[in-house]
Amino acid sequence: MSDCLFCKIAAGEIPSSKVYEDELCCAFYDIAPQAPTHFLVIPKVHIGSVFEVGPENSGTVAHIFEVIAKLAKEQGLESYRVVSNIGEQAGQSVFHLHFHVLSGRDLTWPPG
Ligand code: AMP
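I will try to describe carefully the structure that is included in this document. Just so it is clear, the model here is predicted, and its values are computed rather than measured.

The rules we used
- Residues numbered from 1 in each chain as written.
- Predicted model: local features only at pLDDT ≥ 70, side-chain atom pairs only at ≥ 80, totals over all residues.
- Heavy atoms only, no water.
- Helix = DSSP H or I, 4+ residues; strand = E, 2+ residues; numbered from the N terminus.
- Salt bridge = Lys/Arg side-chain N within 4 Å of Asp/Glu carboxyl O.
- Buried < 20%, exposed > 50% of the residue type's maximum accessible area, 1.4 Å probe, protein only.
- Near = heavy atom within 4 Å.
- Polar contact = N/O pair within 3.5 Å; in protein donor to acceptor, adjacent residues only side chain to side chain.
- Areas by Shrake-Rupley, 256 points an atom, 1.4 Å probe, with all protein chains shown as cover.
- Nonpolar A, V, L, I, M, F, W, Y, C, P; charged D, E, K, R; others polar.
- Core = buried A, V, L, I, M, F, W, Y, C linked by side-chain atoms within 4.5 Å.
- Contact = heavy atoms within 4.5 Å.

Thoughts on the environment of Val50
Then, in step 1: Inspection of the secondary structure puts Val50 in the loop between β3 (37-43) and α2 (58-74).
Then, in step 2: Taking the C-alpha atoms as reference points, Val50 and Ala32, 18 residues apart in sequence, are found 22 Å from one another.

Written out as C-alpha cells, the structure reads:
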C-alpha cells in the first residue's frame, strides 16, 4: 500500500533498525520501546490487522510466529509477550499487521 508506513519500512524505503528479514516478513526495533527489548514483526505484504487474516494469508502469519520463536531464542529471551493491537480502541496506531515482542521487564497483567 503506497501510503503505509510499515509497507515502506518493509520495502526499505524508510530506515529502520532491522533485526531480521526474509521473503515473507521482517522484524525491526520499535522506535518508542516500551520494554528493554521491543521489536515488531510484520508481513511484507499489506495486511491491515488480524481482522484481515484468512486462508489466503494465514500461512504468512504462522511463519511470523516461527520467526518470533527463532528470534526470541537467538536473543536469549526467557520470558516475553507477543501483542497485536487490533483497532483504535485496542491501541492500534499503524494499520499494517504487526506483532510486538516485549521483554526484559515485569509486564503487568491484565494490561491497562
Ligand atoms: P500499534 O500502536 O500497536 O499500532 O504499534 C505501532 C508501533 O509502531 C508503535 O509501538 C510505534 O512506536 C511503532 N512505530 C511507529 N513508527 C515507527 C518507525 N518508523 N519505526 C519503528 N517503529 C515505529
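From this point, things continue past the structure.
Comments concerning the pattern of salt bridges
Then, in step 1: Evaluation of the coordinates by the stated rule reveals two salt bridges.
Then, in step 2: The closest approach of N and O atoms between Lys44 and Glu21, which form a salt bridge, is 2.9 Å. Linking Lys44 in the loop between β3 and α2 with Glu21 in strand β1 (residues 18-21), this pair joins segments that are 23 residues apart in sequence.
Then, in step 3: When its relative accessible area of 43% is taken as the criterion, Glu21 is described as partly exposed.

Things to note about the site of the ligand
Then, in step 1: Not every one of the 16 residues close to the ligand is listed here, only the nearest: Asp30, Asn85, Gly91, Ser93 and His100.
Then, in step 2: Taking His98, its side chain carries an N or O atom lying 2.9 Å from an oxygen atom of the ligand.
Then, in step 3: At 2.8 Å, a side-chain N or O of His100 approaches an oxygen atom of the ligand.
Then, in step 4: In the complex, the protein chains occlude 83% of the 500 Å² of accessible area that the ligand would expose alone.
Then, in step 5: Of the residues that constitute the shell around the ligand, the class distribution is nine nonpolar, six polar and one charged.

What to know about the nonpolar core
Then, in step 1: Ranked by internal contacts, the top residues of the largest apolar core, which has 16 residues, are Phe39 and Val41.
Then, in step 2: Breaking this core down by element, the ones donating at least two residues are β2 (25-29), β3, α2 and β5 (99-103).
Then, in step 3: Among the elements that line this core, the one with the most residues is α2, at six residues.
Then, in step 4: Each residue touching Phe39, except ones within four places of it in the same chain, is listed here: Val19, Ala27, Phe28, Tyr29, Asp30, Leu71, Gln75, Leu77, Phe99, His100 and Val101.
Then, in step 5: Within the second largest apolar cluster, ten residues are counted, among which are Cys4, Ile9, Ala10 and Cys26.

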